[in-house]
Amino acid sequence: MLRVVPPARPRKLAKVPFVELADGRLQGVVSSGSDVERVYVASVTAGTHAHHCSTNNNRPCGGLRGTPCKHLHALADEAVLQYGVDRVARYLRVDVGDGVDTGAGLLARMDSRHEPTPAAVVFSRFLRHLAYLELPASTAPAPELHWFPSTGAGC
């Protein structure tokens, strides 16, 4: 059974409503600072530290000019709040040493380069995440998750 780990620190969801360590990347959805109807899908690949940021329609972020944009910085900061700097650094395979306690500090330790990645999978996971928020509060299992084996033990 997969354990749900509580956030390292509480975080506000308005700027970065979705952040995850999945598929070999730190990835998530970041709200636009200028248009309430636009979001960006940002990611950093573990190991290679390739980064990308685009709208959910795959239009490249205008802030990607050889270095991570403000959306990637916001994503990294929220990942540190959600998972803790040690876990994010370990996942991305970054040697942080002492004194790194922010996403910006973590990004500064990477020799990153831009590499386009499709936004559709991450954005789809975000939309799925939002769908769960619309379900009424219940202790009963969600129907599409009924195939998970019951262990009889509390989580």
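Refer to the structure printed above.
First, a word on what this report is: a plain description of the structure on this page.

**Thoughts on the nonpolar core**
Then, number 1: Residues Leu26, Cys53, Leu92 and Leu106 are the most contacted members of the largest nonpolar core, which totals 30 residues.
Then, number 2: Those elements that provide at least two residues to this core are β1 (18–22), β2 (25–31), β3 (39–45), α1 (70–83), α2 (85–92) and α3 (103–108).
Then, number 3: Broken down by element, this core gets its largest block of residues, 7 residues, from α1.
Then, number 4: Leave out the neighbours within four places in its chain, and Leu106 touches Val80, Val85, Val88, Ala89, Leu92, Val94, Val96 and Val100.
Then, number 5: Membership of the second largest hydrophobic core comes to 8 residues, among which are Phe18, Val39, Ala119 and Phe123.

**Section: unusual backbone geometry**
Then, number 1: A positive phi angle is found at Asp23, which is not glycine, with a value near 55°.
Then, number 2: Residue placement: Asp23 occurs in the loop between β1 and β2.
Then, number 3: Judged by relative accessible area, Asp23 falls into the partly exposed class, the value being 46%.
Then, number 4: The phi dihedral of His49 falls on the positive side, at around 60°, and the residue is not glycine.
Then, number 5: Topologically, His49 is positioned in the loop between β3 and β4 (50–55).

**Quick notes on empty space enclosed by the protein**
Then, number 1: Within the structure shown, the criterion is met by 1 cavity of 30 Å³ or more.
Then, number 2: Mapped by element, the contributors of at least two residues to the lining of the largest cavity are β2 and β3.
Then, number 3: The dominant element in the lining of the largest cavity, judged by the number of residues it contributes, is β3, at 3 residues.
Then, number 4: For the lining of the largest cavity, the class distribution of residues is 5 nonpolar, 4 polar and 1 charged.

**Digging into a nonpolar patch on the surface**
Then, number 1: On the surface, a cluster of nonpolar side chains totalling about 270 Å² of accessible area is made up of Leu127, Leu130 and Leu133.
Then, number 2: Relative to the helices and strands, Leu130 resides in helix α4 (residues 120–133).
Then, number 3: By relative accessible area, which is 32% here, Leu130 ends up partly exposed.

**A closer look at the pairing of β4**
When a strand is regular, its side chains alternate between the sheet's two faces.
Then, number 1: In terms of burial, β4 is a largely internal element, 6 of the 6 residues being buried.
Then, number 2: Between β3 and the antiparallel strand that follows it, β4, lie 4 residues; Gly47 among them carries a positive phi value of about 85°.

**A look at the environment of Ser32**
Then, number 1: Within the secondary structure layout, Ser32 lies in the loop between β2 and β3.
Then, number 2: Overall, the relative accessible area of 12% leaves Ser32 in the buried class.
Then, number 3: Note: C-alpha distance between Ser32 and Thr55 (23 residues apart in sequence) is 9.1 Å.
Then, number 4: Apart from the residues lying within four places of it in its own chain, the contact partners of Ser32 are Lys15, Arg38, Val39 and Tyr40.
Then, number 5: For Ser32, the side chain forms a polar contact with the main-chain nitrogen of Ser34, separated by 3.1 Å.
Then, number 6: Polar contacts involving the side chain of Ser32 include one to the main-chain amide nitrogen of Asp35, which spans 3.1 Å.

Analysis parameters
Each residue is numbered by its place in its chain's sequence as written, counting from 1. Local features are withheld for residues below a pLDDT of 70 in this predicted model, meaning they are given only at 70 or higher, and side-chain atom pairs are given and counted only at 80 or more; totals for whole chains, interfaces and linings count all residues. Only hydrogens and water are set aside when side-chain values are computed; all heavy atoms of the structure are taken into account. What makes a nonpolar core is a set of buried Ala, Val, Leu, Ile, Met, Phe, Trp, Tyr and Cys residues whose side-chain atoms join them at distances within 4.5 Å. Only protein chains enter the accessibility calculation, which uses a 1.4 Å probe; a residue is then buried when its area is under 20% of its type maximum, exposed when over 50%, and partly exposed in between. Helix and strand assignments follow DSSP, with helices taken as H or I runs no shorter than four residues and strands as E runs no shorter than two, numbered in order from the N terminus. Residues are treated as being in contact if the distance between any of their heavy atoms lies within 4.5 Å. Any residue with an atom within 4 Å of a point lines the site, the site being either a cavity, points on a 1 Å grid over the protein atoms alone where a 1.4 Å probe fits but cannot get out, or a pocket, an open set with protein on both sides within 12 Å along at least 5 of 7 lines. Grid points are joined across faces, edges and corners, and a volume is the space filled by probe spheres set on the points. Residues were grouped as follows: Ala, Val, Leu, Ile, Met, Phe, Trp, Tyr, Cys and Pro as nonpolar; Asp, Glu, Lys and Arg as charged; and all remaining residues, including Gly, as polar. Residues enter patches when their relative accessible area tops 30% and they take part in no salt bridge; the joining distance is 9 Å for like charges and 5 Å for the nonpolar side chains Val, Leu, Ile, Met, Phe, Trp and Tyr. The method behind every accessible area is Shrake-Rupley, applied with a 1.4 Å probe, and residues are considered shielded solely by the protein chains displayed. By salt bridge we mean one thing: a side-chain nitrogen of Lys or Arg within 4 Å of a carboxyl oxygen of Asp or Glu. Following DSSP output, two strands are said to pair if at least two bridges run between them. Whenever two N or O atoms come within 3.5 Å, that pair is a polar contact, provided that in protein one can donate a hydrogen and the other can accept it, and provided that, for residues adjacent in sequence, both atoms are side-chain atoms.

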